[in-house]
Amino acid sequence: MGGHGSDVGSNLAALVRRAAERDPDHPALIAGAATLRWGELDAAVDRAAAALRGLGLAPGDRVALQLGNTLDFPVLYFGTLRAGLVAVPANTGYTRPELSYLLADAGASALVTSSVATIESAGELRAAVGTLRHVLVAAPSGPDGTQPLSALLSAAPARLDGEPGRGGEDLAVLMYTSGTSGRPRGAMLSHRALLANLAQLAAIRPAVVTGADVLLLALPLFHVYGLNPGLGMVAWAGATGVLVERFDPAETLALLARHRVT
């Protein structure tokens, strides 16, 4: 990968480290009143990676992420990849049977969710999906058999002990199709494939996204377009992403003006 991408490691999460080293104080992500700078995001990704590996997950294990466009998603997504695990984005609107199918098909070892319906049925999900050992809830508390995400992260070491050494052709993301023509199918996306997609976008002239840009991330991050050309390009360029959890025309116009979205 020539030019701008030559200093990127073979693991997609290295993009966050590179942006943090380049300008740690530059805003990385804005969600409501909260702003995470690149240095802060990199540290949060380190902690998430350590927390996930601390659960006993081994490199290559699948972590399903059923999260909206909040700060939790990028932190857990890049943390999953930095830990050498495989991210499985899941639609936040999935019913229990739909989610059950995805978890079983992917062989998910862990699920991170903010869905109230999923949290309430966590016990049934674990009973239905033999591989599912951990349900982490992005909520203050959950039913028996679940763990609050915030408590897990705050108790985790600041850094992952030893690099898992995964990247390149190793599987990074299992991205499921919408299932309009039968059961959803998991597309196997390697670190190299996702980085190549970003390198192609970065090669467009004039540049589509630079570090000075502010991007509105309105597409769901569990959708491949929101995930890689959206969040991935923010990380590649060291730009700023404004997370939109629910699209509302008036509120979005206000966000565009408030954050000077380019």
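A short tour of the structure in this document, coming up. (Residues numbered from 1 in each chain as written. Predicted model: local features only at pLDDT ≥ 70, side-chain atom pairs only at ≥ 80, totals over all residues. Heavy atoms only, no water.)

Digging into the sheet that holds strand E1 (residues 27-31)
- Spatially, four strands are ordered E2-E1-E11-E10 in an open sheet, and the strand pairing comes out mixed. Each end of this open sheet is capped by a strand with a single partner; those strands are strand E2 (34-37) and strand E10 (214-217). For this sheet the average axis-to-axis angle between neighbouring strands, irrespective of direction, equals 20°.
- With four bridges connecting them, E1 and E2 associate as antiparallel partners. In the sheet register, Ala-31 faces E2, and the bridge partner there is Ala-34. (Pairing = 2+ DSSP bridges. Helix = DSSP H or I, 4+ residues; strand = E, 2+ residues; numbered from the N terminus. Axes fitted to C-alpha atoms, helices over the stretch in contact; angles between N-to-C directions.)

Structural notes on the environment of Gly-162
- Of note, Gly-162 is situated in the loop between helix H7 (149-155) and strand E8 (171-176).
- Measuring from C-alpha to C-alpha, the distance between Gly-162 and Leu-36 comes to 25 Å, with 126 residues separating the pair along the chain.

A short note on the side chain of Asp-42
- Mapped onto the secondary structure, Asp-42 falls in helix H2 (residues 38-54).
- Discounting residues that sit within four places of it in the chain, Asp-42 has contacts with Val-16, Arg-17, Ala-20 and Arg-82. (Contact = heavy atoms within 4.5 Å.)

Overview of the nonpolar core
- With 60 residues, the main nonpolar core has Trp-38, Leu-41 and Tyr-77 as its most contacted residues.
- With sequence-adjacent residues up to four places away left out, Tyr-77 is seen in contact with Leu-12, Leu-65, Ala-87, Val-173, Leu-194, Leu-227 and Leu-231. (Core = buried A, V, L, I, M, F, W, Y, C linked by side-chain atoms within 4.5 Å. Buried < 20%, exposed > 50% of the residue type's maximum accessible area, 1.4 Å probe, protein only.)

Re the environment of Leu-85
- The residue Leu-85 is located in the loop between helix H3 (72-82) and strand E4 (86-89) in this model.
- Once the C-alpha coordinates of Leu-85 and Thr-146 are considered, the two residues, 61 residues apart in sequence, prove to be 20 Å apart.
- If we ignore the near neighbours within four places in the chain, the residues touching Leu-85 are Leu-52, Arg-53, Leu-57, Ala-58, Pro-59, Gly-60, Asp-61, Val-63, Thr-80 and Ala-172.

Quick look at the side chain of Ser-100
- Looking at where Ser-100 falls in the secondary structure, it is placed in helix H4 (residues 96-106).
- Classification of Ser-100 by relative accessible area gives buried; the value is 14%.
- Excluding its chain neighbours within four sequence positions, the residues that come into contact with Ser-100 are Leu-125, Ala-128 and Val-129.

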